[in-house]
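Close look at the chain arrangement
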Amino acid sequence: MRGNHDADCWDNDYSRRGRVWGGAVYDLPQIGAGERVLELGCGNGKTFSALLEKKCEVVGIDFSSTAAILCRSLVQKNAPGEIALADIRHLPFADASFDMVIAFHVIGHLPASARVRCAEESARVLRAGGTLYFSGFSREDFRAGIGCKTEPDTFERKNGIATHYFSENEVQALFSPLTAGECYTRRWTMTVRGKPLPRAEIAAAFKKIS
């Protein structure tokens, strides 16, 4: 991310499209009641609200104030959920303060050096025995290569938002301070104007042993 430029791009996108990312959340892990969960990039609250239904103590962060407002509007009074404005490269939390970190389609919007920094920070705030869950678009996705190339396998669209497209090996290397569990490519097809287009994302889980 490039500071205020990126926050402005996301603010503009959320202001224009609102809760465009709706629908069911199908890939949440098993979460025990009362577990403390951090969601990186809570966005418009789609995943955040699904986490609240798990009866866990969830904290969502985003550096877009517009996104934070959208997310906060989903939280009922006295619900065990908190939303904060924060940069995922510099998490404002103590070491070992979460049982779980959720990073769904957020780290891929960072440049290479920032992705490493975010992975380190995510590992830092995990408790021993805690788990990080990741998803990000794969290089097999039809949108890979569309837009202005800013780094290898990273492309910026007209809205100013960049997306990196991962390989499985790259994801495993990114979180090498943690112990890898599953890491696989999820594939499906979407149809646009009668044309089938390949979608693909990488999903992975990593455990903090000590």
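The structure this text deals with has already been given above.
Residues numbered from 1 in each chain as written. Predicted model: local features only at pLDDT ≥ 70, side-chain atom pairs only at ≥ 80, totals over all residues. Heavy atoms only, no water.

If you trace the seven strands from one edge of the open sheet to the other, you get β3-β2-β1-β4-β5-β10-β9, paired in mixed fashion. Each of the sheet's edge strands pairs with one partner strand only, and the pair in question is β3 (81-85) and β9 (179-192). Averaged over neighbouring strand pairs, the angle between their axes works out to 15 degrees when direction is ignored. Pairing analysis gives three bridges linking strand β1 (residues 36-40) to strand β4 (residues 98-104), with the strands arranged parallel. Across the sheet, Val37 pairs through a bridge with Met100, a residue of β4. Sheet strands touched by helix α3 (residues 65-72): β2 (57-62) and β3. Its angle to β3, the strand with the most contacts, is close to 170 degrees. (Pairing = 2+ DSSP bridges. Helix = DSSP H or I, 4+ residues; strand = E, 2+ residues; numbered from the N terminus. Axes fitted to C-alpha atoms, helices over the stretch in contact; angles between N-to-C directions. Contact = heavy atoms within 4.5 Å.)

On to the sheet that holds strand β6 (residues 148-151), then. With antiparallel pairing, three strands are arranged side by side in an open sheet as β6-β7-β8. Looking at the sheet topology across the chains shown, the edges are occupied by β6 and β8 (162-164). Looking at each pair of strands side by side, their axes are set apart by 30 degrees on average, direction ignored. Across three bridges, β6 lies against strand β7 (residues 154-156) in antiparallel orientation. Note on β7: the bridge partner recorded for Cys148 is Glu156.

The next point concerns the nonpolar core. Core analysis: the biggest nonpolar cluster contains 31 residues, and Leu38, Leu40, Ile61, Ile107, Val171 and Phe175 have the highest contact counts within it. Broken down by secondary-structure element, the contributors of at least two residues to this core are β1, β2, β4, α4 (112-125), β5 (126-137), α5 (168-174) and β10 (195-207). A per-element tally of this core places α4 first, with five residues. Apart from residues lying up to four places away in sequence, Phe175 is in contact with Ile107, Ala119, Leu132, Phe134 and Phe206. In this structure, Val37, Phe48, Leu51 and Cys71 belong to the second largest nonpolar core, which totals 19 residues. (Core = buried A, V, L, I, M, F, W, Y, C linked by side-chain atoms within 4.5 Å. Buried < 20%, exposed > 50% of the residue type's maximum accessible area, 1.4 Å probe, protein only.)

Taken as a whole, this structure holds six aromatic pairs when the rule is applied. Geometrically, the ring pair formed by Phe155 and Tyr165 is tilted, given 6.3 Å between the ring centres and 50 degrees between the ring planes. Of this pair, Phe155 sits in strand β7 while Tyr165 sits in the loop between β8 and α5, placing them ten residues apart in sequence. Comparing Phe155 with Tyr165, the two get one shared label, buried. (Phe/Tyr/Trp six-rings, centres within 6.5 Å; stacked < 30°, edge-to-face > 60°.)

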